[in-house]
Amino acid sequence: NAGVTQTPKFRVLKTGQSMTLLCAQDMNHEYMYWYRQDPGMGLRLIHYSVGEGTTAKGEVPDGYNVSRLKKQNFLLGLESAAPSQTSVYFCASSYGGIEQRGYTFGSGTRLTVV
Amino acid sequence: GQQLNQSPQSMFIQEGEDVSMNCTSSSIFNTWLWYKQDPGEGPVLLIALYKAGELTSNGRLTAQFGITRKDSFLNISASIPSDVGIYFCAGQRGSNQFYFGTGTSLTVIP
């Protein structure tokens, strides 16, 4: 099984450019998440989805948009990139429900905004 | 956001030593998870805890769900070089979301 696949793995953007990060999972998970990881800050939730066609804001949603048109895919968009969005982005998925069995993470996308 | 305090922030230990780290919160959690992140990779689940007082092992790793439900502990026995990485705790309390700690960076000196 591929698990959770993120593309691209690395990207450099100029301030003001836009881009979309793709996350795909093949485990039939209902829930999907986008996190960013910054030094000393741990993992912070950007947006999440509890099912196809649904999205919700997390802890740090500003400057990002997401879409979940298909159950297996969760897209993260940056409309106008800023240097503060330089970070490592992780997608995760899970079964959800009352007894969470934890998230499965992708290997990350390292984004630099110059 | 929900604060999970992990300590210590970093550890440098000799191969073969035991390691202890913990995670505390001001809120009660229903589930605690421990993850390990290798350099350049995403976090990987090590242990999941679902009940207060629960003690669960995974090889040389042992984790406990604190009685107060506001903390959790992870111990690694007889550390080896491949234990190097960042260890994260995560807690859930009745919602879809897990809150993550800031991580403990572990360095094992051969």
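About the criteria used
- Residues numbered from 1 in each chain as written.
- Chains lettered and ligands numbered in written order.
- Predicted model: local features only at pLDDT ≥ 70, side-chain atom pairs only at ≥ 80, totals over all residues.
- Heavy atoms only, no water.
- Disulfide = S-S within 2.5 Å.
- Helix = DSSP H or I, 4+ residues; strand = E, 2+ residues; numbered from the N terminus.
- Buried < 20%, exposed > 50% of the residue type's maximum accessible area, 1.4 Å probe, protein only.
- Phe/Tyr/Trp six-rings, centres within 6.5 Å; stacked < 30°, edge-to-face > 60°.

Side note on the state of the cysteines
According to the stated counting rule, one finds two disulfides over all chains in the structure shown. A disulfide bridge connects A:Cys23 with A:Cys91, and the sulfur atoms are separated by 1.9 Å. On the sign convention where negative means left-handed, the S-S torsion of about -75° between A:Cys23 and A:Cys91 marks this disulfide as left-handed. Of this pair, A:Cys23 sits in strand β3 (residues 19-25) while A:Cys91 is found in strand β9 (residues 87-94), placing the two residues 68 residues apart along the sequence. Accessibility classification places A:Cys23 together with A:Cys91 in one group, the buried group. The disulfide partner of B:Cys23 is B:Cys89, and the gap between their sulfur atoms is 1.9 Å. An S-S torsion of about 40° defines the bridge between B:Cys23 and B:Cys89 as right-handed.

So, the packing of aromatic side chains
Summed over all chains, the structure comprises 16 aromatic pairs over all chains. Summarising the aromatic geometry, the rings of B:Phe29 and B:Tyr99 are spaced 6.4 Å apart at their centres and angled 50° between planes, so their arrangement reads as tilted. Taken as a pair, B:Phe29 in the loop between β3 (19-25) and β4 (31-37) and B:Tyr99 in strand β10 (residues 98-100) lie far apart in primary sequence, 70 residues in all. Pair check on accessibility: B:Phe29 and B:Tyr99 agree, each one buried. Ring-pair connections join several aromatic residues into one group, and the members of that group are A:Tyr33, A:Tyr35, A:Tyr48, A:Phe90, A:Tyr103, A:Phe105, B:Tyr35, B:Phe98 and B:Phe100.

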